[in-house]
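Each chain, written out:
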Amino acid sequence: MDRTRIKSSISSDRISNLPCDIIDNILKYLPLREVVRTSILSRGWRCKWVSIPYLVFNEIFQESLPEEYDIEPIIYQILLLHKGPIIKFILKDIDFKVYPAIGHWLHFLSNHHVEELALRYTFIEQPIPYHLFTFDHLRHLYLANVFISLPPAFKGFNRLLRLELVDVEIALAELKMLISKCPMLEYMDLEDLYCVTGELEIDAPNLKSFFFSGELFIFCFKNASHLSTMSFMTTSDDYSTLEPTESDRNLIQVLGKLSSLKSDGGFLRFLAKGGEPQNLPWYFNHLTDLSLSLIDFQYIVEVKCVLCLIRSCPNLQSLKIESSKSSEADMATTSQYLKAQQNYNIPLGRLQNVKISCASSLEPEMEFVKLLLLKATALRKLEFHCGYAAGEKARSNMLKQLLSFRRASPKARIIFRDV
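Quick look at the structure, then. Here the structure is a predicted model, which means the values were calculated and not measured. (Residues numbered from 1 in each chain as written. Predicted model: local features only at pLDDT ≥ 70, side-chain atom pairs only at ≥ 80, totals over all residues. Heavy atoms only, no water.)

**A word on helix H6 (residues 102–109)**
Residues Ile-102, Gly-103, Trp-105, Leu-106 and Leu-109 constitute the buried set of H6. Projected down its long axis, H6 shows its buried positions confined to an angular sector of 160 degrees, all on one face. (Buried < 20%, exposed > 50% of the residue type's maximum accessible area, 1.4 Å probe, protein only. Helix = DSSP H or I, 4+ residues; strand = E, 2+ residues; numbered from the N terminus. Arc of directions from axis to C-beta.)

Structure representation (C-alpha cells):
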C-alpha cells in the first residue's frame, strides 16, 4: 500500500519530470526570491535555482527581503553560486546603502553570454564600468541614470538589436560612435539625454523603430533605409524664428518613408521653423498611422501644423489626437481658420479611424472634428473622449454638437466616452 502511494505521488509530480528548459521557462516568470525558495521542495529541486538563466534584481526583489538584510552580499552570493549561462540580468531601482561593486558583477557576467542587460541606478550618476563594453552577445541593452564613456578598445555590439538610453550623460560624438558600432540595431529609444547640443548623425542600416523624447537635437539619418516607426516627444520651445537647415530637410525626407509617426506639439512647432508651413516639401505616402499628443487647439500655429501634416499624408488610415490646454490664445482666430478650411481640399479619402482624447469643449476642438467629418469620406469610427475638466453641461453640449455635424461617410459611427 505504501509503495503504491509512493508510485502514485511520483507519477503525479508532473512538474519535476518536465525537461529542464521548460522548467527554466516557468521559473523565469517568478520573482527571484520565490525561485530560490523552490530549493525546499525536494532533493531534486535543491539546486535547480542555481542554473536559471534569468536574474532580476529590482524593487520587488528588495521588498521581499527582511529590512535588516543588506542586498549587496546577497547578489554576490547568488552570482557565486550560479552555474551555467545567464541570458538576462536586470538591476533596477535597488536602494543600496553604499555604491555597489557594479564593476565586479559586470566582470563576472562578461563570461556568461548575457543577451539582455538592464541597469538603472537610483544613486548618484556613476560611469558605466568598462567591462560592459566587452559583452559581445548582447541583443538588448537598457541603461538609465548613468554616465557613458566608451573605452578606446570598444569594438561594438555586433549582435545588439535593441538600445534604450534614459537620463544618460554621454558626449554626442560618443553616442554617434555607439550607434554606428551596433550594425544590427533595429530599435532605439533615447529619452532625456544629457549631451552637448549639436547634430547627431545616425548610421543604423537595420533600424526599424526610433523613439526620442527630450530637447530636440539636430538629427541626420545618414543610413536608415528600413526605418518605419518613429516617435518624437520634445520640449515646447518656439522654433518659428529659426531657419530650416539641411538636416531638417533630411529629417522630413525620412518621415516620408514612415508607416507610423507619433509626436507632440513641440515637434509640430519644430516643423514650423522659418514660418507656418502650408505644405511640406515631401508627401508622406507611406504614413498610415499618425498619433499627436499635447495639441493645443487654441494655438493657431499648432493647428496649422496639424493640418499641414495631415495634408501631406494622402494614405492616412488612423489618426489619434490628445488635446491639451496650455495657452490663452485667441480662440476666435483659430476657429475662423478651421471654418475656412472647409472650402479647401484635404485628402482624407482613406481615413477610417479617429480618436480625440482629453477634449474640453473648446470651439476650435469642435471645429476641427467637424472638418474631419466633412472630409473623411471613408470614415468608419470617430471616438471622442471628454477630459476630466469638462463639466456635465459641457459634456452634454459636446454630444449634441457631435451628433449634429454632417458626415461625408455614411458608415461613420461616433462613439462618445464620458471620462
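**Regarding the nonpolar core**
In this structure, Phe-210 and Met-230 are the most contacted members of the largest nonpolar core, which totals 112 residues. In terms of residue count, helix H10 (residues 300–311) provides more of this core than any other element does, 7 residues in total. Setting aside its immediate chain neighbours within four residues, Met-230 contacts Phe-210, Phe-221, Leu-251, Val-254, Leu-255, Leu-258, Ser-260, Leu-261 and Lys-262. Ranked by size, the runner-up nonpolar core spans 5 residues in total, among them Ala-118, Tyr-142, Ala-144 and Val-166. (Core = buried A, V, L, I, M, F, W, Y, C linked by side-chain atoms within 4.5 Å. Contact = heavy atoms within 4.5 Å.)

**Here we look at helix H5 (residues 71–81)**
The α-helix advances 3.6 residues per turn, and as a result positions three or four apart in sequence lie on the same side. Among the residues of H5, Ile-71, Glu-72, Ile-74, Ile-75, Ile-78 and Leu-79 are the ones counted as buried. Down the axis of H5, the buried side of the element spans an arc of 160 degrees, and every buried residue falls inside it.

**A short note on the environment of Gln-298**
Note that Gln-298 resides in the loop between strand S14 (289–295) and H10. Classification of Gln-298 by relative accessible area gives buried; the value is 4%. In sequence terms Gln-298 and Met-331 are 33 residues apart; their C-alpha atoms lie 5.2 Å from each other.

**With respect to the environment of His-131**
Looking at where His-131 falls in the secondary structure, it is placed in the loop between strand S4 (126–127) and strand S5 (140–144). The spacing of His-131 and Leu-109 is 22 residues in sequence and 8.9 Å in space, taken between C-alpha atoms. Ignoring anything within four residues of it in the chain, the contact list for His-131 reads Gly-103, Leu-106 and His-107.

**Some points on the pattern of salt bridges**
For the coordinates displayed, the defined rule picks out 7 salt bridges. Where Arg-162 meets Glu-164, a salt bridge forms, and the shortest distance between an N and an O atom there is 3.1 Å. In this structure, Glu-363 engages Lys-339 in a salt bridge whose closest nitrogen and oxygen atoms are separated by 3.6 Å. Linking Glu-363 in helix H12 (residues 363–375) with Lys-339 in helix H11 (residues 331–340), this pair joins segments that are 24 residues apart in sequence. Several salt bridges converge on common partners, so that one network encompasses Lys-176, Glu-201 and Lys-222. (Salt bridge = Lys/Arg side-chain N within 4 Å of Asp/Glu carboxyl O.)

**A short note on the packing of H11 against H12**
One way to put it is that H11 packs onto H12 with a least axis distance of 9 Å and a crossing angle of 10 degrees. By the criterion of interaxial angle, the relationship of H11 to H12 is roughly parallel. Across the interface between the two elements, Met-331, Thr-334, Ser-335, Leu-338 and Lys-339 from H11 touch Glu-363, Pro-364, Glu-367, Phe-368 and Leu-371 from H12. Split into classes, the residues belonging to the contact of H11 with H12 amount to 5 nonpolar, 2 polar and 3 charged. (Axes fitted to C-alpha atoms, helices over the stretch in contact; angles between N-to-C directions. Parallel < 35°, antiparallel > 145°, perpendicular 65-115°, else oblique. Nonpolar A, V, L, I, M, F, W, Y, C, P; charged D, E, K, R; others polar.)

**So, the packing of H10 against H11**
Interhelical geometry of H10 versus H11 gives an angle of 20 degrees and a closest axis separation of 9 Å. As judged from the angle between their axes, H10 and H11 are roughly parallel. In this structure, H10 crosses over H11, and the sense of that crossing is right-handed. For the pair H10 and H11, contact is made by Ile-300, Val-303, Lys-304, Leu-307 and Arg-311 and by Thr-333, Thr-334, Tyr-337 and Leu-338, respectively. (Left-handed = near helix turned anticlockwise from the far one by under 90°.)

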